[in-house]
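Listed here are the chains, written in short residue letters.
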Amino acid sequence: MPRTEIISTGFHVPANVVTNEELTEWWDTSDEWIRERTGIEQRYWVDKGKEAGSDLAAEASRQALERADMDASEIDCIVYATLSPDYYFPGGGVFLQRKLGLAGIPAIDIRNQCTGFVYGLSVADAWIRTGQYSRILLVGAEVHSTGIDYGPEGRDLGVLFGDGAGAAILGPTEDDGRGVLSTHLFADGKGAEKLWLGAEGGADYPRLSKEDVETGRIYPTMEGREVFKNAVVRMPESVMVALEANGLGAEDVDLVIAHQANLRINEMVTRRLGLSDDQVYNNIQQYGNTTAATIPIAMDEAVQKGLLERGDLLILTAFGSGFTWASAAIRW
């Protein structure tokens, strides 16, 4: 049975850079306050009403295709991870498919928020290993800036989020020493309301009301301490599961890319795993939290900077809404 290799990567963010200082236009905050709590220095936001997640995904995908020297027609499946689809339905994958001119191939959306890319990788890996598909485009794409509460109550979440997309083209390899070694997925719905958007769903009737808008139920909410407390436990646990499943230890790791939710979380994860700073790649400082897009954006940057070389051991890990968490071990 073949393994799944990452053939190429790409990412795209909007042109609009939003600094911490600019956020003081809406919130009682400062550059110092944001950096101290999150590590974020800036993020990118779309030109509202003119750019959607599938537009960002299309640009990231074209970049990955160019680097792989592939034509879009060689893609036989799209796996699209997002919590911010262009519309309530259908999913974002079909809009990406249309923009790439790939009518007829399957397109599946993964709605696992922060862990969406790793969950999507697990799905794509299974399909490639069984031979169902041979060239899968795996994308994480988000537009958060159109769903942020710009009122006073929105500060704590609003300063975190950026818009962007990352893409990876996956295919089979017969090289036993390379590829996706394993993926590991977890969830615990007991924490679902700790980080969620509790309105606009099928549980409500009507799904959207004037009261929802007036009270701010249309915006996401988070119990930050609970999320932090769980993230710094679950991500290291998932990394150790991935390592132990492959008979490896922390000393074997060349690079860890964790979901970029908060630099303070990732710093604590690094310490708990006993890793050195050069074994971990963080870029939340420049992009903020782009949810399903954080890992593929960081992965592409690491590749372009020469931080990942053939044969390196890469570990991915994420934690987020649900609660869900996940990890993957990849021999590059």
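Attention here is on the structure that accompanies the text. Note that the structure is predicted; figures quoted are calculated from it, not measured.

### Some thoughts on a negative patch on the surface
Side chains of Glu251, Asp252, Asp254 and Glu309 sit close together on the surface and give a patch of like negative charge. Within the element layout of this structure, Glu309 appears in the loop between α10 (294-304) and β13 (313-320). Assessed through its relative accessible area of 51%, Glu309 is described here as exposed.

### Details of the packing of aromatic side chains
One pass over the full model with this rule turns up 13 aromatic pairs. With a centroid separation of 5.7 Å and an interplanar angle of 85°, the aromatic rings of Phe11 and Tyr287 are classed as edge-to-face. Of this pair, Phe11 sits in strand β1 (residues 3-12) while Tyr287 sits in helix α9 (residues 284-287), placing them 276 residues apart in sequence. Each member of the pair, Phe11 as well as Tyr287, carries the same accessibility label: buried. Centre to centre, the rings of Tyr87 and Phe95 are 5.4 Å apart; their planes meet at 50°, and the pair counts as tilted. Three or more aromatic residues joined by ring pairs make a cluster, and in this case those are Trp26, Trp27, Trp45 and Tyr150. Against the face of Trp33 rests Arg155, its NZ or CZ located 4.1 Å from the ring centre.

### Details of the sheet that holds strand β12 (residues 280-281)
With mixed pairing, five strands are arranged side by side in an open sheet as β8-β14-β13-β11-β12. The open sheet has two free edges, formed respectively by β8 (179-187) and β12, since each of these has just one partner strand. In this sheet, strand β14 (residues 324-331) lies alongside β8 in antiparallel orientation, the contact comprising eight bridges. Looking at the pairing, Phe186 lines up with Trp325 of β14. The strands that α10 touches are β11 (255-258), β12 and β13; relative to β11, the one it contacts most, it runs at about 150°.

### Describing unusual backbone geometry
Residue Pro90 is reached from Phe89 by a cis peptide bond, and omega for that bond is 0°. Inspection of the secondary structure assignment puts Pro90 in the loop between β4 (77-81) and α3 (92-100). One non-glycine residue, Asp69, lies in the positive phi region at around 55°. Along the chain, Asp69 turns up in the loop between α2 (53-67) and β4. When its relative accessible area of 70% is taken as the criterion, Asp69 is described as exposed.

Parameters at a glance
- Residues numbered from 1 in each chain as written.
- Predicted model: local features only at pLDDT ≥ 70, side-chain atom pairs only at ≥ 80, totals over all residues.
- Heavy atoms only, no water.
- Patch = residues over 30% accessible without salt bridge, like charges linked within 9 Å, V, L, I, M, F, W, Y side chains within 5 Å.
- Areas by Shrake-Rupley, 256 points an atom, 1.4 Å probe, with all protein chains shown as cover.
- Salt bridge = Lys/Arg side-chain N within 4 Å of Asp/Glu carboxyl O.
- Lys, Arg positive; Asp, Glu negative; His and termini not counted.
- Charge placed at Lys NZ, Arg CZ, Asp CG, Glu CD.
- Helix = DSSP H or I, 4+ residues; strand = E, 2+ residues; numbered from the N terminus.
- Buried < 20%, exposed > 50% of the residue type's maximum accessible area, 1.4 Å probe, protein only.
- Phe/Tyr/Trp six-rings, centres within 6.5 Å; stacked < 30°, edge-to-face > 60°.
- Lys NZ or Arg CZ within 6 Å of the ring centre and 35° of its normal.
- Pairing = 2+ DSSP bridges.
- Contact = heavy atoms within 4.5 Å.
- Axes fitted to C-alpha atoms, helices over the stretch in contact; angles between N-to-C directions.

Take it as geometry only, folks, not as evidence of what the structure does.
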